[in-house]
Amino acid sequence: MLFESNTDLSNFKIFQNLVSNLPMIFYALDENWIFTLSDGKGLENLSLKPGQVVGVNAKEMYRDYPDIIEAIERAYRGESVRYEHQLGELYLENFVMPFYSPSGIIEGIIGATIDITERIHAEIDLKKTQHIQQSIFDSVPGMLYLYDANGELVLWNKAHEAITGYSAEELDHFNLVNWYKDDPESLQSVNAGLSNTDKNGFGEAEANLQTKDGTKIPFYFTACPVEIDQEHYFVGIGLDISERKKAEEELLTLNKTLEEKVSLRTIELNIAVQELTQANEELTSLNEEMLAMNEELTAANEEMNAMNEELIESNDKIMKMKNYLVESEKMTALGGLVAGVAHEVNTPLGVGITASSHLVDITKELMHKINAEDFDKVELIEYLEDIRKASQIIEKNLTRAGKLTHSFKQLSADQTSEPKRLFNVGEYLEEILISLSPTLKKTQIQIIPIYEDNLFLNGSPGAFAQIVTNLVMNALYHAYDHKVKGIVTIKLENENTHIKVTFSDDGCGMDAQTLSKIFEPFFTTRRDLGGTGLGLSIVYSIVTQQFSGTIECNSALGVGTTFTMLLNQGGLK
């Protein structure tokens, strides 16, 4: 009787059911390598059914797999064998052992196979990830390190070995203080950095790292605390700052030399200033003429104020207030232009006055020597050389003042009288930007004009100037903080019977709600700072009414603002 009791039979059925449903393969071979058992749910991965290979010779079945044949042969020799092999896309782990008769003779073998494909793939992916991480770790040009709570080095990159000259075995648990054993100042700096690491979560230090051959290299070190498996460490990077230290030493030497040169040059300049100060008399009259010009401009401002009062009296109360604010906006821009140009003109005039005063002084000195018959050819040559230098200074600075005055005169005339005339838009844009230069010099904003040659408009140049001026001032007040750098481009293009003007800035931009109201009179986001809300409203009116054109604005927060205008050329083709 095979089973002595129902309990034995029940237990066998339970075991058989367990074997059939485990995700493994169970098999047995007799002494002739014939399969006597093939069971387990793992057979599905090999597209086999339980018992399908029973009666098949294993040597024939595995003739193309010498590793499997070799493992089975070892089991027939009495060994318990574990091995792995690949079968197609599957990775399998095998356990093979002999089974014996009651008399101790090997009657066959039994084996179990587990599908470890997912584990092998995970191990391959892990190795790839570890290789990539190690490659990144080793590619860092500086030293990367991880120290434990005892100050012993437990992890480092290849650069660490190359820089210090120590092998991997020597660096393992290398104590931090050993880098600075002969340098208490560096050790103190490092300890202070580690103290900040504990207090603030980050520390840094500059110290001399002593390499294996005794060389001391200045380094910049960082440290951040990190906890791994409830153990405390700190991780950081070290960068060689030898070049920086060398540059600092060279800079100190250069500064010392420069101080000596500056001191000597200061003495020379003080002597030159004393000489040039005596030349102010002849240019005083020119300065008085410029003051007279300022008085004339002030009178013109008063006349325009009077005109504004007449306009206010001729309209109703609301129109009176609007027109007054519009004219005030114009006068504010013109007043700022006057102040800026006056300041810019005074500088070259002052230099010219100083140079001319010097001429007067050396001329008096020469005349005195001539009358006393106490001079020679060398002194005359020196006098002529002084005349040449002073004349060049006067000519250069008067030319600069003349250029500023011309640009201002042209723009101020166009602002105060509005007759239509044919003008070159690109050249006139340059004149406008020259007049705005005193204001722009106080900012970090660069304006770049881009235009084609021979672009002409038949219209009011003053109105065009007011468009550009209002857009520039609007950008300065709204697009940029006064400490922020920026670039504004003004592009002029010919487009059929119109001039296309594209005004772009890279400032802070506007949200959709603000963008929808920018051309409305009296709308402003800077009323607390004195804004009237008329700048862009005036631009809109000039473009659409005086130039029969169109204007659009595109903007978004953080990407800047662009105004696109089409100005009618006034019948030009």
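Residues numbered from 1 in each chain as written. Predicted model: local features only at pLDDT ≥ 70, side-chain atom pairs only at ≥ 80, totals over all residues. Heavy atoms only, no water.

**Some thoughts on the overall build of the protein**
We count it as follows: For helices the rule is a DSSP run of H or I covering at least 4 residues; for strands it is a run of E covering at least 2, with both sets numbered from the N terminus onward. Note on contacts: a residue pair is in contact if any heavy atoms of the two residues lie within 4.5 Å. Each accessible area is a Shrake-Rupley estimate made with a 1.4 Å probe; only the visible protein chains count as cover when residues are assessed.
In terms of helices and strands, the protein carries 15 helices and 17 strands. Sequence separation of at least 24 residues holds for 56% of the intrachain contacts in the protein that already meet a minimum separation of 6. For the protein, the accessible area works out to roughly 34,500 Å², and carbon and sulfur atoms hold 55% of it.

**Looking at the packing of aromatic side chains**
Our working definition: Within 6.5 Å between ring centres, the rings of Phe, Tyr and Trp (the latter by its six-membered ring) count as paired, and their orientation is classed by plane angle as stacked under 30 degrees, edge-to-face over 60, tilted in between. Buried residues are those whose accessible area, probed at 1.4 Å on protein chains only, stays under 20% of the maximum for their type, while exposed residues exceed 50% and partly exposed ones sit between those limits.
Across all of its chains, the model carries 16 aromatic pairs by this definition. On the basis of an interplanar angle of 15° and a centroid distance of 5.3 Å, the ring pair of Y147 and F234 is categorised as stacked. A residue pair is termed long-range when its members are at least 10 positions apart, and Y147 in strand β6 (residues 143-148) and F234 in strand β10 (residues 231-240) qualify at 87 residues. The exposure class of Y147 is buried, given its relative accessible area of 3%. A relative accessible area of 13% means that F234 is categorised as buried. Their ring planes at 15° and their centres at 5.5 Å tell us that F219 and F221 sit as a pair that is stacked. Like F221, F219 is buried. Aromatic ring contacts, followed pair by pair, group Y145, Y147, Y180, F219, F221 and F234 into a single cluster.

**Examining the nonpolar core**
For clarity, the threshold we go by: Only buried residues count toward a nonpolar core, which is a set of Ala, Val, Leu, Ile, Met, Phe, Trp, Tyr and Cys residues joined through side-chain atoms within 4.5 Å.
One finds F464, I490, F503, F563 and M565 to be the most contacted residues of the largest nonpolar core, which totals 44 residues. A total of eleven residues in this core trace back to one element, the largest contributor, which is helix α13 (residues 461-479). Beyond its immediate sequence surroundings of up to four residues, F464 is in contact with F423, V425, Y428, I432, L457, V501, F547 and L567.

**As for the sheet that holds strand β12 (residues 445-451)**
Convention followed: Only when DSSP finds a minimum of two bridges between them are two strands counted as paired. To define axes, lines are fitted to C-alpha atoms, for helices over the stretch in contact only, and angles between the resulting N-to-C directions are given on a 0 to 180 degree scale.
On the basis of which strands lie adjacent, the open sheet formed by five strands has the order β12-β14-β15-β17-β16 and mixed pairing. Edge positions in the sheet fall to β12 and β16 (550-556), since each has one partner strand and no second. Looking at each pair of strands side by side, their axes are set apart by 10° on average, direction ignored. The sheet contact formed by β12 and strand β14 (residues 486-495) spans seven bridges and is parallel. The residue bridging Y451 from the neighbouring strand is L492, located in β14.

**What about the packing of helix α12 (residues 425-440) against α13?**
Operational definition: Angles below 35 degrees are treated as roughly parallel, those above 145 as roughly antiparallel, those between 65 and 115 as roughly perpendicular, and all remaining angles as oblique. Handedness of a crossing is defined here by the sense of rotation of the near helix relative to the far one, left-handed for an anticlockwise turn of less than a right angle and right-handed for a clockwise turn. Note on residue categories: nonpolar means Ala, Val, Leu, Ile, Met, Phe, Trp, Tyr, Cys or Pro, charged means Asp, Glu, Lys or Arg, and polar means any other residue, Gly included.
At a minimum axis distance of 10 Å, the contact between α12 and α13 shows a crossing angle of 40°. Here α13 runs oblique to α12, going by the angle between their axes. Crossing handedness for the pair α12 and α13: right-handed. Of the residues in α13, those touching α12 at V425, Y428, L429, I432, L436, T439 and L440 are P461, G462, F464, A465, V468, T469, V472, M473 and L476. Tallied by class, the residues present in the contact of α12 with α13 amount to 13 nonpolar, three polar and no charged.

**Focus: the side chain of E93**
To keep things clear, this is the line we draw: Side-chain atoms alone can form a polar contact between residues adjacent in sequence; in general such a contact is a pair of N or O atoms within 3.5 Å, and within protein one must be able to donate a hydrogen while the other accepts it.
When you line up the elements, E93 lands in strand β4 (residues 90-100). What makes E93 buried here is its relative accessible area of 9%. Polar contacts involving the side chain of E93 include one to the side chain of R82, which spans 2.6 Å.

**Observations regarding the sheet that holds strand β8 (residues 203-210)**
Two modes of strand pairing occur in sheets, parallel and antiparallel, and in both the strands are linked by backbone hydrogen bonds. On the basis of which strands lie adjacent, the open sheet formed by five strands has the order β7-β6-β10-β9-β8 and antiparallel pairing. Among the strands making up the open sheet, the edge pair consists of β7 (153-156) and β8. Neighbour-to-neighbour, the strand axes of the sheet open up by a mean angle of 30°, direction not taken into account. Where β6 lies against β10, six bridges are found, and the strand directions are antiparallel. Looking at the pairing, Y145 lines up with G236 of β10. Relative to strand β9 (residues 216-228), helix α8 (residues 242-277) is tilted by about 130°, and along the sheet it contacts β8, β9 and β10.

**Regarding the pattern of salt bridges**
What counts is decided by this rule: A pairing counts as a salt bridge when a side-chain nitrogen of Lys or Arg comes within 4 Å of a carboxyl oxygen of Asp or Glu.
Per the stated rule, a full pass over the model turns up 13 salt bridges. Here K41 makes a salt bridge to E44, at a shortest N to O gap of 3.4 Å. Put simply, R244 and E248 hold a salt bridge, and the shortest N to O gap is 3.1 Å. Taken together, the residues span about one helical turn, with R244 and E248 both in helix α8 at a distance of four residues. Each member of the salt-bridge network shares a partner with another, and the members are R82, E84, E93, R119 and E123.

**Digging into the side chain of T117**
By the element assignment, T117 lies in helix α4 (residues 117-139). Relative accessible area serves as the criterion here: at 10%, T117 is assigned to the buried category. Beyond its immediate stretch of four places on either side in the chain, T117 contacts E89, L90 and Y91.

**Thoughts on helix α3 (residues 66-76)**
Here is the rule we go by: Of all possible arcs, the one meant is that of the directions from the helix axis to the C-beta atoms.
Turning to α3, its buried residues are I68, I69, A71, I72, A75 and Y76. In an axial view of α3, the angular spread of the buried residues amounts to 165°, which keeps them on one side of the axis. Contacts from the buried residues of α3 go to β1 (24-30), α2 (58-61), β3 (81-87), β4 and β5 (106-115). Positioned one or two residues after α3, G78 has a phi angle of 105°, which is positive.

**A short note on a nonpolar patch on the surface**
Under the convention used in this document: Within the patch definition used here, like charges are joined within 9 Å and nonpolar side chains (Val, Leu, Ile, Met, Phe, Trp, Tyr) within 5 Å, considering only residues with over 30% relative accessible area and no salt bridge.
A grouping of L251, L254, L258 and V262 is seen on the molecular surface, where their side chains present a nonpolar patch of about 340 Å² in accessible area. You can see V262 is positioned in helix α8. Assessed through its relative accessible area of 48%, V262 is described here as partly exposed.

**Some thoughts on the pairing of strand β2 (residues 35-39)**
Note that β1 and β2 share four bridges and pair antiparallel. Within β2, the residue paired with L29 across the bridge is F35. The turn joining β1 and β2, which pair antiparallel and follow one another in sequence, is formed by four residues; a positive phi near 65° is taken by W33.

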